[in-house]
Every structure is written in C-alpha cells, then in structure tokens.
Amino acid sequence: MSIYSLAAELGKAIREDERMIRMEKAKEAYESSEKIGNLMMEYGIQQQALTTMGDGDEIDTDAVTRIQDRIDEIYAEITMDPIFKELDEAQAAVNELMETVNNTIMFNATGQTPCTHDCSSCSGCH
C-alpha cells in the first residue's frame, strides 16, 4: 500500500470518527441557527459602524462606548449560546484527535515523541 493510499484510508477513518461526526453536526446547527445568524449580522454592522466612526475628524466617545458595549453584548450572547458552545467543544475534541494522530505519525516516522510543549512529557527541548 502506498503512503497516499494509507493517508486516504486515515482520512476516511477520521471522517467516520464520532468526534468528527459530532463536529459536523454542531457546525451544521451553528450555520443554520437563525438567532446566531442574526447576531453575527448585527455584530458585523456594529463593527462597521465603529470603524466608520473612526474615519471622521471628531469622534463621539459616547457613541463609540455605546457601540463597543453592544458589540461586547452580542459577542457574549453568541458565545453563551448552547449551539456555539457545542461547536466549540466539538472542535476542541477534533483538534485533540488530530494532534494525537499527528503525534502518532511523527513518533512512528521518527522514533521520537513530538514536543507537546508540556515539559512534564520529556527530558527537555533540543
């Protein structure tokens, strides 16, 4: 079996992994959420308004504060939404899976455990 065939098989196995399936479902729910879509649109509009205000000679600091406060509220509302939280957690699980897979490949290719930046896992950086 060629290295590319093995890579294709690995890709298929990853696609069928429960963590990847969970992330795809969470991504689909996030992208189809009308509430989050509306919040993201308003977030963009508020960001644009903030940028536009900085283009003038005089800056209305009260208006800037109000817009920034609204941006912060929208951000909090998005990140506290259960749909966003599920996507965030699912993405973290997939990232962990991919890191483990990559570390396994590197170990088997080089005979050395890749640096995890967690110094408790090795005798030091080289």
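Each remark here, short or long, concerns the structure printed above.
Remember, predicted model here, so these are calculated numbers, not experimental data.

A. Region of the structure containing the overall build of the protein chain. Counting its secondary structure elements, the protein chain contains 5 helices and 0 strands. Seen in sequence order, the protein chain has helices and strands lined up from the N terminus as α-α-α-α-α. Against the globule reference of 14 Å for 126 residues, the protein chain gives a C-alpha radius of gyration of 22 Å, more extended than a compact globule. With the principal axes as the frame, the protein chain shows a C-alpha extent of 65 × 40 × 25 Å. The burial tally for the protein chain puts 19% of its 126 residues in the buried class. Long-range contacts, defined here as pairs at least 24 residues apart, represent 64% of the contacts in the protein chain between residues at least 6 apart. Charge-centre separation for the protein chain: the mean point of 10 positive side chains lies 9 Å from the mean point of 25 negative side chains.

B. Here's a closer look at the environment of Glu96. Looking at the element boundaries, Glu96 is found in helix 5 (residues 82-110). With 19 residues separating them in the primary sequence, Glu96 and Cys115 have C-alpha atoms 15 Å apart.

C. Representation of the nonpolar core within the structure. Core analysis: the largest hydrophobic core is formed by 11 residues, namely Ile14, Met20, Met23, Ala26, Tyr30, Ile36, Leu87, Ala90, Val94, Leu97 and Val101. At the level of secondary structure, the elements contributing two or more residues to this core comprise helix 2 (18-32) and helix 5. Looking at which element gives the most residues to this core, the answer is helix 5, with 5 residues.

D. Region of the structure containing helix 3 (residues 34-53). When the terminal C-alpha atoms of helix 3 are compared, their 29 Å separation across 20 residues agrees well with the 28 Å that a helix rising 1.5 Å per residue should span. Contacts from the buried residues of helix 3 go to helix 2, helix 4 (61-80) and helix 5.

What counts as what
Residues numbered from 1 in each chain as written. Predicted model: local features only at pLDDT ≥ 70, side-chain atom pairs only at ≥ 80, totals over all residues. Heavy atoms only, no water. Helix = DSSP H or I, 4+ residues; strand = E, 2+ residues; numbered from the N terminus. Rg over C-alpha atoms; globule rule 2.2 N^0.38 Å. Buried < 20%, exposed > 50% of the residue type's maximum accessible area, 1.4 Å probe, protein only. Contact = heavy atoms within 4.5 Å. Lys, Arg positive; Asp, Glu negative; His and termini not counted. Charge placed at Lys NZ, Arg CZ, Asp CG, Glu CD. Core = buried A, V, L, I, M, F, W, Y, C linked by side-chain atoms within 4.5 Å. Expected span 1.5 Å × (residues − 1).

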